[in-house]
Amino acid sequence: MKLLTYKTKDLDTRLGFIHNNMVVDMEDFGEISNFPLPNDMLELIDMGFEVIAEISEMINDTRSQDFDNISLPIDKVTFLAPIEKPRKNIIGIGLNYTEHVAESARTLDTTGKLPAKPIIFSKPPTTVTGTNTNIIKNTKLTEQLDWEVELAVIIGKKGKYVSKEDALDYVFGYTVINDISARDCRREGQWIVSKGQDTFAPMGPFLVTKDEIENPHNLNLSLKVNGVEKQNSNTKFLLFNINDLIEDLSTVFTLEPGDIIATGTPSGVGAGRNPQEFMFDGDVVEATVEGIGTIVNTIKEI
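Residues numbered from 1 in each chain as written. Predicted model: local features only at pLDDT ≥ 70, side-chain atom pairs only at ≥ 80, totals over all residues. Heavy atoms only, no water.

Q: What am I meant to see in a negative patch on the surface here?
A: Together, Glu50, Glu54, Glu57 and Asp61 give the surface a local cluster of negative charge. Take Glu57: it is sitting in helix 3 (residues 50-60). Overall, the relative accessible area of 54% leaves Glu57 in the exposed class. (Patch = residues over 30% accessible without salt bridge, like charges linked within 9 Å, V, L, I, M, F, W, Y side chains within 5 Å. Areas by Shrake-Rupley, 256 points an atom, 1.4 Å probe, with all protein chains shown as cover. Salt bridge = Lys/Arg side-chain N within 4 Å of Asp/Glu carboxyl O. Lys, Arg positive; Asp, Glu negative; His and termini not counted. Charge placed at Lys NZ, Arg CZ, Asp CG, Glu CD. Helix = DSSP H or I, 4+ residues; strand = E, 2+ residues; numbered from the N terminus. Buried < 20%, exposed > 50% of the residue type's maximum accessible area, 1.4 Å probe, protein only.)

Put into structure tokens, the structure is as follows:
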């Protein structure tokens with residue numbers, strides 16, 4: 001199921017899903033189905049992944065004409081980030097594609113050695129923004145604004161010491177994140193100033209539930225800047241796959257429903273190019289993951 005958080009000119013933030021290429025309001029669908037459903041993505045996730053099967057059954061039992069009053073054309077809604085206000089920091093994973101490890105060693109202060117364990121950093125909730133919004137480039141802080149397309153994993157239930165074998169049972173779904181990075185803002189090896197500025201985590205356009213993704217370890221992902229392709233790879237090249245990450249992260253700290261894991265970016269980032277390339281005022285960046293969609297954002301210098 002493709003879930004989205006949206007608004008219209010007449011409605012504040014709403015939760016919906018895609019059915020017959022239309023946006024169906026989740027709360028309204030619950031009312032016509034006599035099955036109370038929330039108007040917030042985190043509240044839906046809190047209900048457990050099992051609720052998705054129940055909603056799907058109700059969709060199959062609902063007449064097409066009953067959808068008419070609770071549906072909108074996709075082009076009539078404004079997409080927001082699927083989880084507009086995460087409860088916790090986004091969990092980021094650094095240097096998780098082999099070729100990105102190599103390119104980072106050429107131009108950044110990394111060793112070039114493949115990590116023995118996942119490299120973990122975080123991005124505050126205030127980094128989150130949706131598709132078709134501005135990424136703010138504060139020129140007092142950075143002149144080296146870079147892109148990183150990533151598959152993001154949304155956790156669906158509480159987990160501690162989760163085994164690799166059971167890891168995907170803890171996944172609710174997936175979305176796209178562009179892990180925007182200010183390369184000249186790293187401080188003594190710490191990344192949060194580089195990664196954690198406002199609007200530095202464009203996300204969306206959908207949260208796709210895990211039952212819709214046959215194999216999350218075989219998804220194409222790509223990125224364009226001003227229509228020119230900069231990144232093109234596949235999640236099969238992850239150094240630590242989703243199972244590895246959930247096992248490792250849940251050993252470090254408890255994973256909870258709604259947690260977001262950005263799994264890392266492949267090669268092709270601006271800092272890894274010769275000469276280096278960065279983003280400036282008015283540049284348009286498009287990040288795509290197969291089976292989920294594309295997020296489009298414009299750089300706005302202040």
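Q: It is not clear to me how the packing of aromatic side chains should be interpreted in this structure. Could you clarify?
A: Between two aromatic rings, the relevant description is the distance of the centres plus the angle of the planes. All chains considered together, the criterion is met by 5 aromatic pairs. Between Phe17 and Phe29 the ring centres are 5.4 Å apart and the planes differ by 80°, which places this aromatic pair in the edge-to-face class. In this pair, Phe17 is assigned in strand 2 (residues 14-19) and Phe29 in helix 1 (residues 26-32), connecting sequence segments 12 residues apart. By relative accessible area, which is 0% here, Phe17 ends up buried. Exposure remark for Phe29: the relative accessible area of 0% places this residue in the buried category. (Phe/Tyr/Trp six-rings, centres within 6.5 Å; stacked < 30°, edge-to-face > 60°.)

Q: Explanation requested: the sheet that holds strand 18 (residues 284-289) in the structure shown.
A: Strand pairing within a sheet occurs via backbone hydrogen bonds; the two strands may be parallel or antiparallel. Taken in spatial order, the 5 strands of this open sheet run 9-19-18-15-16, and their pairing is mixed. Edge positions in the sheet fall to strand 9 (133-137) and strand 16 (228-234), since each has one partner strand and no second. The sheet shows a mean angle of 20° between the axes of neighbouring strands, direction not considered. Where strand 9 meets strand 19 (residues 293-301), 5 bridges bridge the pair, whose relative direction is parallel. Counterpart to Ile135 in the pairing with strand 19 is Ile299. (Pairing = 2+ DSSP bridges. Axes fitted to C-alpha atoms, helices over the stretch in contact; angles between N-to-C directions.)

Q: Please explain helix 6 (residues 242-252) as it appears in this structure.
A: Quick reminder: α-helices carry 3.6 residues per turn. Residues three or four places apart thus point the same way. Every buried residue of helix 6 is accounted for by Ile242, Asn243, Asp244, Leu245, Ile246, Leu249 and Ser250. As for helix 6, its buried residues are in contact with strand 6 (90-94), strand 7 (119-123), strand 11 (149-155), strand 12 (171-178) and strand 17 (260-262). Capping the start of helix 6 is the job of one residue whose side-chain oxygen sits 3.0 Å from the backbone nitrogen of Asn243: Asn241. (Contact = heavy atoms within 4.5 Å. Polar contact = N/O pair within 3.5 Å; in protein donor to acceptor, adjacent residues only side chain to side chain.)

Q: Help me understand the side chain of Asp259, please; the structure alone is not making it clear to me.
A: Looking at where Asp259 falls in the secondary structure, it is placed in the loop between helix 6 and strand 17. The exposure class of Asp259 is buried, given its relative accessible area of 6%. Of note is the side chain of Asp259, whose polar atom sits 3.0 Å from the side chain of Lys88. Here the side chain of Asp259 touches Glu256 through a polar contact of 2.8 Å, landing on its backbone nitrogen. Among residues more than four places away in sequence, those in contact with Asp259 are Lys88, Val153, Ile154, Ile155 and Thr254.

Q: I'm lost on helix 3 in this one. Help?
A: The set of residues buried in helix 3 consists of Val51, Ile52, Ile55, Met58 and Ile59. Seen from one end, helix 3 has its buried residues packed into an arc of 125°, which puts them on one side. More than 90 degrees from the buried face of helix 3, the exposed residues found are Glu50, Glu57 and Asn60. (Arc of directions from axis to C-beta.)

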